[in-house]
Amino acid sequence: MQVRVIGDSVQIEGYVNAVERKSKPLWTRIGKSVERISKGAFKRAITRNDDIRLLLNHNPERDLGGTKDGNLELEEDNIGLHARATITDPEVVKKAKNGDLVGWSFGFSDRDVEQRTDEDGMPLRDVKDLDLYEVSILDRTKSPAYEGTLVTVRANDE
């Protein structure tokens, strides 16, 4: 994920999730398991919801905008869920300048899930379809559930 600080705003772009890739082990209502989002699930979710919110750390009180507001663009490509956001919230801009943003996460509810055991004996939740209601920028107080969502920061004096 790339973070560019431009004046009093920050532009963040990158992958929220790579499809068909397992998460880190997570504690869920069924115990410790891994999950994997199927190709096409995000595309369907974006089509169904025209107002996906952008939050800081999954906190609804830290709403930073969304797809309907025009400062968050989401699309699923052949890699996964790609996001592009422009944020003017002073706290988030400061966190970006200080290198305190660590990655992305997303909030969803299941529509279609297969549960089984993977080749390592770990319970696997294969998410075939979902309802996406938010993506979050995470700071150092949180840890992304999926590898590959980490942040790199670049200052820009434009």
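Residues numbered from 1 in each chain as written. Predicted model: local features only at pLDDT ≥ 70, side-chain atom pairs only at ≥ 80, totals over all residues. Heavy atoms only, no water.

Visitor: Honestly, the confidence of the model for the chain in this entry has me stumped. Any pointers?
Guide: Predicted coordinates in regions of low pLDDT should not be interpreted in detail. For the chain, mean pLDDT is 89; residues scoring 70 or higher make up 89% of the total. Counted against residues more than four places away or in other chains, residues 149–158, with its pLDDT under 50, gives 32 contacts. (pLDDT = per-residue confidence, 0-100. Contact = heavy atoms within 4.5 Å.)

Visitor: Where do I start with unusual backbone geometry in this structure?
Guide: In most cases, non-glycine residues show a negative phi, while peptide bonds are predominantly trans. A positive phi angle, near 65 degrees, is found at glutamate 20, a position not held by glycine. You can see glutamate 20 is positioned in the loop between strand 2 (9–18) and strand 3 (26–28). With a relative accessible area of 45%, glutamate 20 lands in the partly exposed category. One non-glycine residue, asparagine 57, lies in the positive phi region at around 60 degrees. Considering the arrangement of structural elements, one finds asparagine 57 in the loop between strand 5 (53–56) and strand 6 (59–66). (Helix = DSSP H or I, 4+ residues; strand = E, 2+ residues; numbered from the N terminus. Buried < 20%, exposed > 50% of the residue type's maximum accessible area, 1.4 Å probe, protein only.)

Visitor: What exactly am I supposed to notice about helix 2 (residues 90–97) here?
Guide: Every α-helix winds through 3.6 residues per turn, so residues three or four apart in the chain are directed the same way. Those residues of helix 2 lying buried are Val92, Val93, Lys95 and Ala96. Projected down its long axis, helix 2 carries its buried residues within an arc of 160 degrees, all on one side. Of the exposed residues in helix 2, those oriented more than 90 degrees away from the buried face are Pro90, Lys94 and Lys97. (Arc of directions from axis to C-beta.)

Visitor: Would you take a moment to explain helix 1 (residues 41–48) for this structure?
Guide: Residues of helix 1 that are buried: Ala41, Phe42 and Ala45. Taken down its axis, helix 1 places every buried residue within 90 degrees of arc, on the same side. Facing away from the buried surface of helix 1 by more than 90 degrees, the exposed residues are Lys43 and Thr47. For helix 1, the elements touching its buried residues are strand 2, strand 4 (31–37), strand 7 (72–76), strand 8 (80–87), strand 9 (101–117) and strand 10 (123–139).

Visitor: Please explain the environment of arginine 62 as it appears in this structure.
Guide: Considering the arrangement of structural elements, one finds arginine 62 in strand 6. With near-sequence residues (within four places) excluded, arginine 62 lies in contact with Leu54, Leu55, Leu56, Asp89, Glu91 and Val92.

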